[in-house]
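If you want the building blocks of each chain, they are given just below.
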Amino acid sequence: MKSWRWTLLVAMGLAWVQLPAALRADDPAATQGEKKKAVDFRKLKELMPEKILDLSRKSLNGERNQMGAISVSIARASYAQADETDDSPSVKTEIMDYGAIEGFAQGMAFWSQLDIDKESDEGYERTTKIGGFPAYEKFTNDGQSGEIHVFVASRFIVNITTRRLTADKLKKAAEEMPLKALAALK
């Protein structure tokens, strides 16, 4: 997990360096002209299902952050049983929109360009497709925890994390996200 996060941070840095100068906040031209904006986070929140895997939505929030011409919208939701305990299964979802900045989202979803298939007694990680979109899936047998990241319409990244659920349920949770509706927002 830690190595994946380190790789993500490196990819973010590389994506930032490769942005056209006019889009970077340290360039005076970034404050001129029309800024490309991400979809309003309220629209992203509307896409969050009321239930996933028969777990009810417990929280829903969103935000927009902007740096220079880079605009990012995020919506998050968490799902659990009504009588939730520390050992209960749970799902967390997140939709991130990197706006219309060509190449930036692709840098964040660098794994969408890789072919990964790794398996051990501890779990697995692989690249796959969810709803026809490129995805990265990782599952740990101990504690039955997993994550799936789906790259939608070259600008959205959908993150799903599960706890105390099987690998099949992890994938089903990702399939229950409205990915085609999300792609239509662009």
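Only a predicted model underlies this, so the values are computations on that prediction, with no experimental measurement involved. (Residues numbered from 1 in each chain as written. Predicted model: local features only at pLDDT ≥ 70, side-chain atom pairs only at ≥ 80, totals over all residues. Heavy atoms only, no water.)

J.: What should I look at first to understand the packing of aromatic side chains in this one?
T.: Aromatic ring pairs are defined here through the distance separating the ring centres and the angle between the ring planes. Evaluated as defined, the whole model comprises two aromatic pairs. Where Trp-111 meets Tyr-136, the ring centres are 6.4 Å apart and the plane angle is 40 degrees; that geometry is what we call tilted. Note that Trp-111 is positioned in the loop between helix H3 (104-108) and strand S5 (117-120) and Tyr-136 in strand S7 (residues 133-140), a separation of 25 residues in sequence. For the pair formed by Trp-111 and Tyr-136, the shared burial category is buried. Taking the centre distance of 6.0 Å and the plane angle of 25 degrees together, the rings of Tyr-124 and Phe-139 count as stacked. In this pair, Tyr-124 sits in strand S6 (residues 123-130) while Phe-139 sits in strand S7, placing the two residues 15 residues apart along the sequence. Tyr-124 gets classed as buried once you look at its relative accessible area, which sits at 12%. Positioned above the aromatic ring of Tyr-124 is the side chain of Arg-126, whose terminal nitrogen or guanidinium carbon lies 3.9 Å from the ring centre. (Phe/Tyr/Trp six-rings, centres within 6.5 Å; stacked < 30°, edge-to-face > 60°. Helix = DSSP H or I, 4+ residues; strand = E, 2+ residues; numbered from the N terminus. Buried < 20%, exposed > 50% of the residue type's maximum accessible area, 1.4 Å probe, protein only. Lys NZ or Arg CZ within 6 Å of the ring centre and 35° of its normal.)

J.: I tried to follow the confidence of the model for the chain on my own but got confused; where do I start?
T.: Close reading of the predicted structure is inappropriate where its pLDDT is low. Of all residues in the chain, 78% have pLDDT values of 70 or greater, and the mean over the chain is 83. Mean pLDDT values for the elements of the chain range from 48 in helix H1 (residues 2-18) up to 97 in helix H2 (residues 41-46). Contacts of residues 4-12 to residues separated by more than four positions or lying in other chains number 10 contacts, the stretch itself having pLDDT below 50. In this model residues 21-35 is a low-confidence stretch, pLDDT under 50, and it forms 21 contacts with partners more than four residues away in sequence or in other chains. (pLDDT = per-residue confidence, 0-100. Contact = heavy atoms within 4.5 Å.)

J.: Mind showing me how you'd approach the pairing of S5 here?
T.: Side-chain direction in a regular strand flips from residue to residue, so the side chains alternate between the two faces of the sheet. Strand direction decides the pairing type here: S5 and S6, joined by four bridges, are antiparallel. Its bridge partner being in S6, Asp-117 is matched across the sheet by Arg-126. The turn linking S5 back onto S6 is made up of two residues. (Pairing = 2+ DSSP bridges.)

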